[in-house]
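# Descriptive structure summary
Listed below are the residues making up each chain.
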Amino acid sequence: MTSPSSLLPAVEAVPFVRDLAAHGDRPAIVTRDGTISYANLAGRVARTAERLGVGRRLVLVVGANTVDSLVAYLGALHGGHPVLLVPGGHDAALASLVETYDPDVVVGPAGGWRVEHRRAASAHDLHPDLALLLSTSGSTGSPKLARLSHTNLQANAESIGEYLGIRDTDRAATSLPLHYCYGLSVVNSHLARGAALLLTDLSVADACFWELFRQTRATTFAGVPYTFDLLDRVGFAEMDLPHLRYVTQAGGRLAPERVRHYAELGRRGGWDLFVMYGQTEATARMAYLPPDLAVHHPQAIGVPVPGGAFRLAPVPDHPDPAVGELLYAGPNVMLGYAETPADLALGRTVDELRTGDLARRGPAGLYEIVGRRSRFAKILGLRIDPERVEALLSRHGVAATCVGGDDELVVAVVGEADARSVRRLVAEEVGLPPRAVRVLVLAELPRLASGKPDLAGLRALATTPPATTPPAATPAGDAGSPGDRTAVGDLCRLYAEVLDRDDIRPELSFVDLGGDSLSYVEMSVRLEQELGHLPANWHTLPIAALRAPQRPRGRRRSLETSVALRAAAIVLIVGSHIPLFTVTGGAHLLLGVAGFNFARFQLTAAGRRDRLRQIGASLARIVLPTMAWIGAVMLFNDQYRVSTLLLVHSLFGPDDARTEWHFWFVEAVVYLLVGLAALVALRRVDRLERRHPFALPMGLTVLGLLGRYDVFGLDARYDLPAALVAGWLFTLGWAAARADGFGQRLLVTAAAAVTVPGFFGQPSREALIVAGFALLVWLPTVPSLGVVNRVAGVLAASSLYIYLTHWQVYPHLRDWPLVALAASLAVGIAYATVVGRVGRWLTHQASTFR
């Protein structure tokens, strides 16, 4: 019988793709659902190539760690079609690339895996060597792609297979995305050697990943620096992985001490660590560090991959003559860049790759990266061009010099510019939070002998505390040491960044400065990072009273309990709604946390009117984004009614709308805040709360329990709003914040333990809520890690917005529960970012017109 592939005319294909069938019945792909042999895979690939037709066309493939996506990628290569590989789950990126490059065919998920033939013949002039188009790492703006040839793909796959010593018995877990050049190189190199792929989209932070890894006898996985943070978190060092042969690392610099740690761990565990260096422009890899050298040379990128070569180009003005720009040549160097469809007709325009990295060659012949020649900087995951920022400021009449620092953009301005205005302008235009923009107002810029700006000197200035930062409010006789004064200055700058205020004084506390539950999340995470611990009741302490910075020992950190609960609860809520799992009770626990934060941030020591203003501000931060989101959804479908938009559905809405209960939690919090504001507005109640800060919320809890137990039968007859039925959880959280001493804490714990059981008739749900209250009462902080703090901080700060938006996200992704969870969290975080930027813009506009 004639195979499908033999029906196609002879076209150039990547050899390892063309020869898949040569590996016969060996396993090619292993998934949770079974194994696909090379013969089977080759047949699927050939049939896909046949579907794509005989004439070369530009084929856009949505990359994902799935069999369908992998077969589509291989099938297009098999048929000789250039592939434009794009990330899955990023509609904006997909739309941008489709608009810019106008692909002839689009292959991706759309109610199943679908091939959309947009035209029968290509609209483009496609160079015969062109095989693959990949986005360059971190590029933003108009899509800039690396043009890779058939030779590039084959040469890099063979080179990687050679230095890693890949065997046909190896099984590589796809721990990185298919569309990412590093993740794709894992696929290509193992298929070229007849090895198998453990195809999964699970994260290494997921216990299921390691269960699958062991069950399928996987031998290797790849990681970027963040992956190794996750490995620490999941206890990788103690795992029993009997078949693991080697681990690879690339995608950014891993700190030398981390390289040494994992190299030594590998020695003890019988596996090798390969540290590698590469760029999309080199198809993937340019250098590797032999595993036996990693312990003694952990700072090095190693030697060129087989078939490649480095040279160092002189760099004018550099103080070290041994340092040069690293240039690479080899058969895996791209054809060149593409920025428009016309570029797809170009042949080779690049013979030697200028990496932009500054390097030196050590005595052992190992290369080491020492810096970047380009001024591009990656800040919080965004690639920022300082020259574009300078041009932006110039258009606004501000002369500035910019340079990337450690997780921040340093902007130096000369003259009388307003630092706060400059910071806000830059943050809004480039998409960075204000805390990631450091503005230095200088009398004169530091310059080199050549007259060029001294960028290294500018970075040094950014890390040096200014001499004009005194401990202004330190009481006489308690001035402290110079180190203490520097610490106070550092903390004042930290508060200024997080709260976006320029009136920070050491005698003021977080609460004094108008901090709320949203900024509290970021402040607690960053303050713990700065101090190495979180002082009890730090939010009410003057900045000057906080202990001098001390670095924590090891990687262990602490996380404020309410932040941890908010982050965990929102994940549980979304995951249970999908359902990825069923762990209910998160929303009611958040109701208790909301009461806890109400006591801390609204019922401050300020006057009654200031308290009411703070409550009003909190209501605005909840109501406006909620109504904006619901209103936007109503423009596209009839899922919600006007009663939902106005947050009065539980009072006046009809009973026939099945999705109207989505926002019961928001309505409950709003009603409770409005009701409590009305109470606090009364002078007698205000005085009572100040005299009896614990007794008042406990008394309100007792009143709330009348609704919980439906003492008067009203809920059975009228279906009372959640604020009346579950409001006691809010006031009990308020009492938890006010509990002072063992007896009061025990009383709150006992109240939760007695009143929560039976509320739902679901013991596990009730146990979660009781446990959450116990943590709030007894543990101000919980043990954590730095990376966990950062993730929890983002989730907690975005919890309201995740709750609002996830109803419109996960229903479209139910078939992929993990993807649904990740997408729901990501959309909520994105909405939180939008709301934050709009809020800062409005604040800036308001200050402008004062």
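To keep things clear, this report deals only with the structure shown in the data block.

What counts and what doesn't
Residues numbered from 1 in each chain as written. Predicted model: local features only at pLDDT ≥ 70, side-chain atom pairs only at ≥ 80, totals over all residues. Heavy atoms only, no water. Helix = DSSP H or I, 4+ residues; strand = E, 2+ residues; numbered from the N terminus. Buried < 20%, exposed > 50% of the residue type's maximum accessible area, 1.4 Å probe, protein only. Axes fitted to C-alpha atoms, helices over the stretch in contact; angles between N-to-C directions. Parallel < 35°, antiparallel > 145°, perpendicular 65-115°, else oblique. Left-handed = near helix turned anticlockwise from the far one by under 90°. Contact = heavy atoms within 4.5 Å. Nonpolar A, V, L, I, M, F, W, Y, C, P; charged D, E, K, R; others polar. Core = buried A, V, L, I, M, F, W, Y, C linked by side-chain atoms within 4.5 Å. Polar contact = N/O pair within 3.5 Å; in protein donor to acceptor, adjacent residues only side chain to side chain. Patch = residues over 30% accessible without salt bridge, like charges linked within 9 Å, V, L, I, M, F, W, Y side chains within 5 Å. Areas by Shrake-Rupley, 256 points an atom, 1.4 Å probe, with all protein chains shown as cover. Salt bridge = Lys/Arg side-chain N within 4 Å of Asp/Glu carboxyl O. Lys, Arg positive; Asp, Glu negative; His and termini not counted. Charge placed at Lys NZ, Arg CZ, Asp CG, Glu CD.

Looking at the element boundaries, Pro453 is found in the loop between β25 (437-442) and α12 (455-463). A relative accessible area of 32% means that Pro453 is categorised as partly exposed. A sequence separation of 51 residues divides Pro453 from Cys402, and the C-alpha atoms of the two residues are 9.7 Å apart.

The next subject is the packing of helix α16 (residues 586-601) against helix α25 (residues 727-738). The contact between α16 and α25 brings their axes to 6 Å, and the two run at 45 degrees. As judged from the angle between their axes, α16 and α25 are oblique. For the pair α16 and α25, the sense of crossing is right-handed. Taking contact as the criterion, the partners of His588, Leu591, Gly592, Ala594, Gly595, Phe596, Phe598, Ala599 and Arg600 in α16 are, on α25, Leu729, Phe730, Gly733, Trp734, Ala736, Ala737 and Arg738. In terms of residue class, the contact of α16 with α25 is made up of ten nonpolar, four polar and two charged.

This next bit is on the nonpolar core. In this structure, Tyr495, Leu527, Trp538, Leu591, Val666 and Val748 are the most contacted members of the largest nonpolar core, which totals 108 residues. Among the elements that line this core, the one with the most residues is helix α20 (residues 664-680), at ten residues. Sequence-distant contacts of Leu527, that is, excluding residues within four places in its chain, are made with Leu491, Leu494, Tyr495, Gly532, His533, Leu534, Trp538 and Leu546. The next biggest cluster of nonpolar side chains, apart from the first, holds 72 residues, and it includes Leu20, Leu74, Ala146 and Ala359.

Let us now look at the side chain of Ser824. Among the structural elements, Ser824 can be located in helix α30 (residues 817-848). Judged by its relative accessible area of 0%, Ser824 falls in the buried class. Within the structure, the side chain of Ser824 is placed 2.7 Å from the backbone oxygen of Ala820, a separation counted as a polar contact. Sequence-distant contacts of Ser824, that is, excluding residues within four places in its chain, are made with Val574, Ile802, Thr805, His806, Val809 and Tyr810.

As a further point, take a nonpolar patch on the surface. Taken together, the side chains of Leu703, Leu706, Tyr709, Val711, Phe712 and Leu714 make up a nonpolar region of the molecular surface, amounting to roughly 580 Å² of accessible area. With respect to the helices and strands, Leu703 occurs in helix α22 (residues 695-708). Given a relative accessible area of 55%, Leu703 falls into the exposed group.

Together, Arg609, Arg683, Arg684, Arg687 and Arg691 make up a positively charged patch on the protein surface. When residues in the positive patch are grouped by element, the largest group, four residues, is from helix α21 (residues 683-691). Relative to the assigned elements, Arg691 resides in helix α21.

For the structure on display, the rule yields 18 salt bridges. Residue Arg360 is joined to Asp320 by a salt bridge in which the shortest nitrogen-to-oxygen separation is 3.3 Å. Here Asp320 lies in the loop between β16 (309-314) and β17 (324-329) and Arg360 lies in strand β19 (residues 353-361), a separation of 40 residues in the sequence. On the basis of relative accessible area, Arg360 is assigned to the partly exposed category, the value being 28%. Under the relative-accessibility criterion, Asp320 is labelled partly exposed at 25%. Between Arg438 and Glu408 there is a salt bridge, with the nearest N and O atoms lying 3.7 Å from each other. Remark: Glu408 occurs in the loop between β23 (400-404) and β24 (409-414) and Arg438 occurs in strand β25; sequence separation between them is 30 residues.

Moving on, we get to unusual backbone geometry. Peptide bonds are, in most cases, trans, and in most cases residues other than glycine have a negative phi. Of note, the bond from Ile578 into Pro579 is cis; its omega dihedral lies within 30 degrees of zero at -5 degrees. Along the chain, the position of Pro579 falls in the loop between α15 (561-577) and α16. Phi at Asp102 is positive, roughly 45 degrees, even though this residue is not glycine. For Asp102, the position within the fold is in the loop between α4 (91-101) and β5 (105-109). In this structure, Thr283 is a non-glycine residue whose phi angle is positive, near 70 degrees. Secondary-structure assignment places Thr283 in the loop between β13 (272-278) and β14 (285-289). Among the residues examined, Thr283 registers a relative accessible area of 6% and is labelled buried.

Before going further, it helps to spend a moment on the side chain of Gln808. Within the secondary structure layout, Gln808 lies in the loop between α29 (799-805) and α30. A relative accessible area of 17% places Gln808 in the buried class. Setting aside residues no more than four positions away along its own chain, Gln808 makes contact with Trp629, Val633, Gln639 and Tyr640.

Read these as geometric descriptors, not functional statements.
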